[in-house]
Amino acid sequence: FNLNVPPDGTPPNDGLFDGKVRLIRALVAHGAKLGAPTSEALGDMVPEFRLKRAMMDGPVTTQTENPLVWKILEHKAGTPFTIEKDDLPLLNKPTELHGTPLNAVLLVYAPDVFIQLANAGAHLTKEEEADPATAAALQKMPR
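Worth saying up front: this structure is predicted, and the values here are computed from it rather than measured.

Colleague: Help me understand the packing of aromatic side chains in this model?
Modeller: When we look at a pair of aromatic rings, we describe it by the centre distance and by the angle of the planes. Enumeration according to the criterion identifies zero aromatic pairs in this entry. For Lys 71, the ring lying beneath its charged end belongs to Phe 81, and the centroid distance is 5.1 Å.

Here it is in structure tokens:
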């Protein structure tokens, strides 16, 4: 079952999102669990992220919770990314949906941003570190 939510968490305009969310929540309430990803191209974290989004009530508030996480989600591959002085206090501040900036980088697989964040002192929360999908994504990140 594919919720097909982009990394920023905004619902698609397909008219099916609310119905899919209700179905996913009903399945989870009856004991359904995630299986292994069906495509390596999706990455290890994407299915968990989509489930987390389906279980989340209300709108995505990542942009106001941590503008650095939003900046990472909006970053286009191949374009320069710079951590500004104003971003430094946000390096380790998690958001409800996307977690820490380092977690967001793993979700969207942005190696260039990962290196900058790591050099600036960013880290994962204990919960993120304990997550097998996050650990797998971290292992795939070039150093």
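Colleague: Help me understand the pattern of salt bridges, please; the structure alone is not making it clear to me.
Modeller: Opposite charge on two side chains permits pairing when their charged atoms draw close. According to the stated counting rule, one finds two salt bridges in the structure shown. Between Asp 57 and Arg 25 there is a salt bridge, and its shortest N-O distance comes to 2.9 Å. Pair noted here: Asp 57 is in the loop between helix H2 (46-55) and helix H3 (62-65) and Arg 25 is in helix H1 (residues 17-29), with a separation of 32 residues, a long-range link. Across the salt bridge formed by Lys 71 and Asp 87, the nearest N and O atoms sit 2.8 Å from each other. You can see Lys 71 sitting in helix H4 (residues 67-74) and its partner Asp 87 sitting in the loop between H4 and helix H5 (101-108), a full 16 residues away along the chain. On the basis of relative accessible area, Lys 71 is assigned to the partly exposed category, the value being 27%.

Conventions adopted
- Residues numbered from 1 in each chain as written.
- Predicted model: local features only at pLDDT ≥ 70, side-chain atom pairs only at ≥ 80, totals over all residues.
- Heavy atoms only, no water.
- Phe/Tyr/Trp six-rings, centres within 6.5 Å; stacked < 30°, edge-to-face > 60°.
- Lys NZ or Arg CZ within 6 Å of the ring centre and 35° of its normal.
- Salt bridge = Lys/Arg side-chain N within 4 Å of Asp/Glu carboxyl O.
- Helix = DSSP H or I, 4+ residues; strand = E, 2+ residues; numbered from the N terminus.
- Buried < 20%, exposed > 50% of the residue type's maximum accessible area, 1.4 Å probe, protein only.

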